[in-house]
There are 4 protein chains.
Amino acid sequence: MALSVEKTASGREYKVKDLSQADFGRLELELAEVEMPGLMACRAEFGPSQPFKGARISGSLHMTIQTAVLIETLTALGAEVRWCSCNIFSTQDHAAAAIARDSAAVFAWKGETLEEYWWCTERCLDWGAGGGPDLIVGVSEETTTGVKRLYQMQESGTLLFPAINVNDSVTKSKFDNLYGCRHSLPDGLMRATDVMIAGKVAVVCGYGDVGKGCAAALKQAGARVIVTEIDPICALQALMEGIQILTLEDVVSDADIFVTTTGNKDIIMVDHMRKMKNNAIVCNIGHFDNEIDMNGLETYPGVKRITIKPQTDRWVFPETNTGIIVLAEGRLMNLGCATGHPSFVMSCSFTNQVIAQLELWKEKATGKYEKKVYVLPKHLDEKVAALHLGKLGARLTKLTKAQSEYISIPVDGPYKPAAYRY
Amino acid sequence: MALSVEKTASGREYKVKDLSQADFGRLELELAEVEMPGLMACRAEFGPSQPFKGARISGSLHMTIQTAVLIETLTALGAEVRWCSCNIFSTQDHAAAAIARDSAAVFAWKGETLEEYWWCTERCLDWGAGGGPDLIVGVSEETTTGVKRLYQMQESGTLLFPAINVNDSVTKSKFDNLYGCRHSLPDGLMRATDVMIAGKVAVVCGYGDVGKGCAAALKQAGARVIVTEIDPICALQALMEGIQILTLEDVVSDADIFVTTTGNKDIIMVDHMRKMKNNAIVCNIGHFDNEIDMNGLETYPGVKRITIKPQTDRWVFPETNTGIIVLAEGRLMNLGCATGHPSFVMSCSFTNQVIAQLELWKEKATGKYEKKVYVLPKHLDEKVAALHLGKLGARLTKLTKAQSEYISIPVDGPYKPAAYRY
Amino acid sequence: MALSVEKTASGREYKVKDLSQADFGRLELELAEVEMPGLMACRAEFGPSQPFKGARISGSLHMTIQTAVLIETLTALGAEVRWCSCNIFSTQDHAAAAIARDSAAVFAWKGETLEEYWWCTERCLDWGAGGGPDLIVGVSEETTTGVKRLYQMQESGTLLFPAINVNDSVTKSKFDNLYGCRHSLPDGLMRATDVMIAGKVAVVCGYGDVGKGCAAALKQAGARVIVTEIDPICALQALMEGIQILTLEDVVSDADIFVTTTGNKDIIMVDHMRKMKNNAIVCNIGHFDNEIDMNGLETYPGVKRITIKPQTDRWVFPETNTGIIVLAEGRLMNLGCATGHPSFVMSCSFTNQVIAQLELWKEKATGKYEKKVYVLPKHLDEKVAALHLGKLGARLTKLTKAQSEYISIPVDGPYKPAAYRY
Amino acid sequence: MALSVEKTASGREYKVKDLSQADFGRLELELAEVEMPGLMACRAEFGPSQPFKGARISGSLHMTIQTAVLIETLTALGAEVRWCSCNIFSTQDHAAAAIARDSAAVFAWKGETLEEYWWCTERCLDWGAGGGPDLIVGVSEETTTGVKRLYQMQESGTLLFPAINVNDSVTKSKFDNLYGCRHSLPDGLMRATDVMIAGKVAVVCGYGDVGKGCAAALKQAGARVIVTEIDPICALQALMEGIQILTLEDVVSDADIFVTTTGNKDIIMVDHMRKMKNNAIVCNIGHFDNEIDMNGLETYPGVKRITIKPQTDRWVFPETNTGIIVLAEGRLMNLGCATGHPSFVMSCSFTNQVIAQLELWKEKATGKYEKKVYVLPKHLDEKVAALHLGKLGARLTKLTKAQSEYISIPVDGPYKPAAYRY
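Residues numbered from 1 in each chain as written. Chains lettered and ligands numbered in written order. Predicted model: local features only at pLDDT ≥ 70, side-chain atom pairs only at ≥ 80, totals over all residues. Heavy atoms only, no water.

### Description of the relation of the copies chain D and chain A
A rotation about an axis combined with a shift along that same axis relates the two copies of the chain. Superposition of chain D onto chain A requires a rotation of 180° combined with a translation of 0.0 Å along the rotation axis, giving an RMSD of 0.0 Å. Such a turn and shift between the copies fits a two-fold axis. Identified as the residue of chain D closest to the rotation axis by C-alpha distance is D:Arg421, at 2.1 Å. Take the interface residues of chain D: 100% of them recur as interface residues in chain A, which is what a same-surface contact looks like. (Least-squares fit on C-alpha atoms with pLDDT ≥ 70 in both. Contact = heavy atoms within 4.5 Å.)

Right under this line is the structure:
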């Protein structure tokens, strides 16, 4: 695409694939709102007081329908927003169009080049002569990988602002990472390959929250799942669920589907891929494309790439003339090949985001937060959950006063100690 | 589309959406071949002797990638083939294009009007001056609904030719209907609506093989499933799986997702739909659109239809201004909203088809088959299964001679009496 | 025990372990009645007319609490009953005591010798000078193995009376065999060995209805299940559930638990057992002790048997000094080590029995039944199911007249053709 | 029992039900050792150096077979041990007999009165003139309830010694509480009532680790599970698994099985019990009998208690003449009605215990530990897990040096931050 900023009639900047998809995006946005009760509750609770009045928020996060509901929650609370996607494949173009037309400055499209990606990111941060953003969505960070980087910066003294670790809210990591992936992994596999999962041997590398969700989905769909792990505790958890723990080398020639969920690099190397069965599917549900050795694959002498359709490539090795199917070029396959996590679970994650942004903004001048990484207090985490119960018809039990005293827990919570694992 | 027959360079007739999608179709066909070991084994076993030499086969069956592999198996065995789709929404245009270009006369595209549908069907049966087809795929019938009609014709004496009931092969009804739907129901739901299934209340109308597959899929994805049934035996099966049995009236206002699987009519009426929650999803995985009262919905005074995207409509009732989401206009949602059953399970069904067609053709002049409905003998059913085990790495046990005598079962099968239920 | 018949105060013959357990048996009988709605419905429907008035019924069937409710249903309908157990380990002594004291002539105790077993069987058939029984429970036969024998007798012309194959009622084979075993297999394993099933590798030999129930139970408890099969269709079913199909030889040294469900002989031989891991558990949920090579084990040179507790033996091989745990001496472990199938599912099976016995008795002089094997008609099978729905809170849907006509199925059933597989 | 201490030939004190059961206990102990690789690894690693030489250890913990292996691990490491049970119903008498005869001073039997219970506890703490114990097993506390008390004592300054919170080791709370209960809840239900779980409605009060295990077990056995919760996060977790969240009042008249897992009091009151269905089963898998209102039940005017068998009582209300089944008098049903958690998962818990005791003993004079509650460091938690992988055939993956640096995690762990939730 030509890298030039466009403007709406009202003068707001944007760059998206096709603004005419805005109506379609709006329709899906309206469906998503019904599925995102936490965000809608934020609009109802905080909208009237406009707490973000005057705040400039820049966000770099997959520009999907769900993110669009987040953005419009921020604007409904008074913020001015600029946005880009944090991944070259994760934008849904109709979502971007709807936001660009109606709500915020968006610079994102599906299938950016790296050059385009960085141009979009710059646009997102560039608030013109008046300086940069007041808040950065992503400093209320919500990925395991991103949080790790923030803590490293904190330790090395290079963290330049207070940050809230939203990833470690229970209502984020134990829901989005687990149940989100349980939903979106098979979705991505089906849309990309139409392959029957039942009867297949599937290898999941890593058994953290994401790996647990992926393994559960594959098992339930009728695959025989094998997990690779470095951590003996997670390994023992998998075993208790009837899942075999082996090394990748043990199974590389026998499995039909490989999924990486580790957040580490060099998990599936080209040397593994060479030994796989014909048409074995290789994909990564984590963020970075070095989890699968894409570089090794692309530079393998004589290898041939056949694009079945966007984000679904067959790579054929010259020695055997057999091939493997790589999804989304080794990047996060659930957003590259499908539409990512569904609205309901993202509502949990994004409600944490809104609450974190509100807190950072409210306390921006009070010194309450130093240049450190914080987690949200338990009672807010519980509140996020509570906002999502009504939609599912749940009826909570109330502690009596006597019970509350007996177990020394306040009637209105928080109900668990900080270290509780859920 | 203009209803005029087109011709390939070699003079073969066709009418498809876009012949230029043939390359894309061919790539997916090649992937599917690896997943369809039964059909490929037929090519290897029967191809050399060309048993269909001289046979004209007309087929009316969803024109998908999997059907394309079936068609090319028939042509690989010597047949000349003409094809149409049996449903207005079920064609995959790239599959049709590849077949039209390379293998057979195809008349099919996604989104036919009824007029177009019948024009295509006529073209499929029209072999020119030389008369009609020798064989009809579909007379080796493979749906529960279709088989019922054949038996009715047999009883009333209106069946004009011998027919083989492929649907009641175990390797068809207990695999395609059950495991196929377990795969394709959530696939259709996800592609059409991106809705999170976990946490939702889902109602499955009917607990036959298709209903069992749908209920299993929804349960595994984290929904709370409720089944409606008329048959006390099927109802008791659902209960043993922890699934509640209620009537539609009991739950119509509480559920989030409704799926019909009955093969009957008038299951979900417009009066039910009016009482549903906002954005409840209503869909049918069976063949005909009278399972859901589409007519009642379309003619409801003041109702408003908002097409989110093709095959995903929101219908808004005037009294409440709330709406429901109807998939694929009430027709089979797995083919309308997704790509239908995956290749591997269709390979089981279609290998039955090929074997049935071979048998009908071989015996066409011998009088072995009267104008009745037949099922394939058990040993062929077992053979179909056996052809699919290697792909999944299975190793069967062999009976010893002593064991064979002890239980009076031949070492090479058939292993079960005809009435065995699996 | 001294093999002498005893008599109650009222003069009825019996021989049980300990008549003083009758009160305990009665209490458990009363609990079971609440769980057996089918049998209780038979008492309510048929009791008043005393259809078995004058009928002498001999029964040979595991003398459990559930069978006791069956016996008292027969007597409530007017029959005179004599009973023995069909297995040396399957009697529950308190059940036998209650029946002996209150209702019928019982000859059965847990742990009979073979000599005692046959003495009991003779007593059961010996109605004194007046001749033999009018009806034999078991001629309405309810095991896969037993039914096979009846058909063999029919074919060879050696069947001396009409018999009803109750086993192939859907409400028997698809419930008792499947869900009964799903319940009682882990129950037997736990009571006998207290072993943790989660994390273990379990081999199930055979994937018929019993094998399906066993495999499901083990999988759900967290074991990794491997199935051995001779039948490619059943094998493919297992694969679709994510279960690996291998031969016993492939896994004999790796697995922790072995269960036979085949009804065949020579499944696990002593040569297999020698190669197993230390303390591997070996058991049979089928009827006969030749499914596991008990003879080969007992006569293995130098083998040592250590009885942990009744029906739980550790057999130590001299070469390795490692041992295996054999349950119930290779006989049906769910009745030998636990209490067999629970009341609710047995109510389905036994209601079929009562209906079959009623039919045989009613038609004894009409010639309706020849010396052949019959199955119950579909509408009675559906009736059995219907009698069990209320207890579980189910609400069936009723066909409308229009629907009934559309699918050509009577409003009140039968709802399925005879060959339907459920 | 007469409350007098007895002595073995070697002069060691004890009081058990029946010393002649020692052989039986020893056989089961030997089976358990094979299932407890963590404890056996401790014997191998630490036994030679006799680290507990001179240590007097008193333990109050369910005197089961598994605990017996723990006790003999402590003695194998050099300790002198005295033991009692922490619950009146939880002793396995053959385990107590084997330990009493062979290894340690035991004062415990199944079915103690409260008076007997306290006598046993005193004997356990009474080391004669030389004073009390050096270590108390239970100060390396391993229940959620107990740990809460320790923290309360720490806060109020009444904690008299350093304590280690073993409960919050991941290899305890996420294994014993979760997978242990998943195993032992159905075991207890089956042994106590033989009830069919499939098809029933089961209410689980509380969805912590224990509740999660119970709900999973009931669901897998085919029950329809409903959970009651006070905590919105745990409630949302249940919903994501397809489990309905209601209050006890909503379902009290409809459910068949009730299980309390809360650790709180007054969960199921007599007023609830009065409204339950006939023969509803009421049980508690938590420690204290005030979770179910046993006092209210026992003092209910006109209520009648019918003991079916020990630990299984039917309570009949006078108004309705219907009854409920209460297990283990409202105390922990898995130990009262069955044999508690299986050896393998207890090996995880008890290996934590041994490591904690070793640490407390080693550091007793160094001042490393103040009068506070500590948790074991992550690397020991991971070690416990690692000791249990070999038994299950698992093969761990090793981080490369490059990977270790990339994610800043040592090659040999610990692999997770302290707050990680697993």
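### Details of the relation of the copies chain C and chain D
Rotating chain C by 180° and translating it 0.0 Å along the rotation axis places it on chain D, where the RMSD comes to 0.0 Å. A share of 100% of the interface residues of chain C reappears at the interface of chain D, consistent with the copies meeting face to face through the same patch.

### Considering the side chain of A:Lys172
Looking at the element boundaries, A:Lys172 is found in helix H7 (residues 170-173). Given a relative accessible area of 4%, A:Lys172 falls into the buried group. (Helix = DSSP H or I, 4+ residues; strand = E, 2+ residues; numbered from the N terminus. Buried < 20%, exposed > 50% of the residue type's maximum accessible area, 1.4 Å probe, protein only.)

### Some words on the packing of aromatic side chains
Taken as a whole and judged by the stated rule, the model has 24 aromatic pairs over all chains. A centroid spacing of 6.1 Å and a plane angle of 85° characterise the contact between B:Phe107 and B:Trp119, whose relative ring orientation is edge-to-face. Of this pair, B:Phe107 sits in strand S5 (residues 105-107) while B:Trp119 sits in helix H5 (residues 114-125), and the two are 12 residues apart along the sequence. Grouping residues by exposure puts B:Phe107 and B:Trp119 together as buried. With centroids separated by 4.8 Å and ring planes inclined at 85°, the aromatic side chains of C:Tyr420 and C:Tyr422 adopt a geometry described as edge-to-face. By the burial criterion, C:Tyr420 is buried, and C:Tyr422 matches it. When the ring centre of A:Trp127 is taken as origin, the NZ or CZ atom of A:Arg82, which lies over that ring, is 5.7 Å away. (Phe/Tyr/Trp six-rings, centres within 6.5 Å; stacked < 30°, edge-to-face > 60°. Lys NZ or Arg CZ within 6 Å of the ring centre and 35° of its normal.)

### Some details on the side chain of B:His183
One can find B:His183 in helix H8 (residues 176-193). Using a relative accessible area of 7% as the deciding quantity, one classes B:His183 as buried. In contact with B:His183, other than residues within four places in its own chain, are A:Met190, A:Asp194, A:Val195, A:Met196, A:Ile197 and B:Pro342.

### Focus on the UniProt feature "domain: S-adenosyl-L-homocysteine hydrolase NAD binding" (unreviewed entry) in chain A
UniProt's entry tags residues 177-340 of chain A with the feature "domain: S-adenosyl-L-homocysteine hydrolase NAD binding" (unreviewed entry), counted in the numbering of this structure. Across residues 177-340 of chain A, the secondary structure splits into 34% helix and 23% strand, with the terminal C-alpha atoms separated by 11 Å. (UniProt positions renumbered as here; feature names shortened; annotations may be inferred.)

### A word on the sheet that holds strand S13 (residues 280-284) of chain C
Residue and element names in this part refer to chain C. Ordered in space as S11-S10-S9-S12-S13-S16-S15-S14, the eight strands form an open sheet in which the pairing is mixed. If you trace the sheet from one side to the other, it starts and ends with strand S11 (244-245) and strand S14 (304-309), each paired once. Where strand S9 (residues 201-205) and strand S12 (residues 257-260) come together, four bridges link them in parallel fashion. Opposite Val203, over in S12, you have Phe258 as the bridge partner. (Pairing = 2+ DSSP bridges.)

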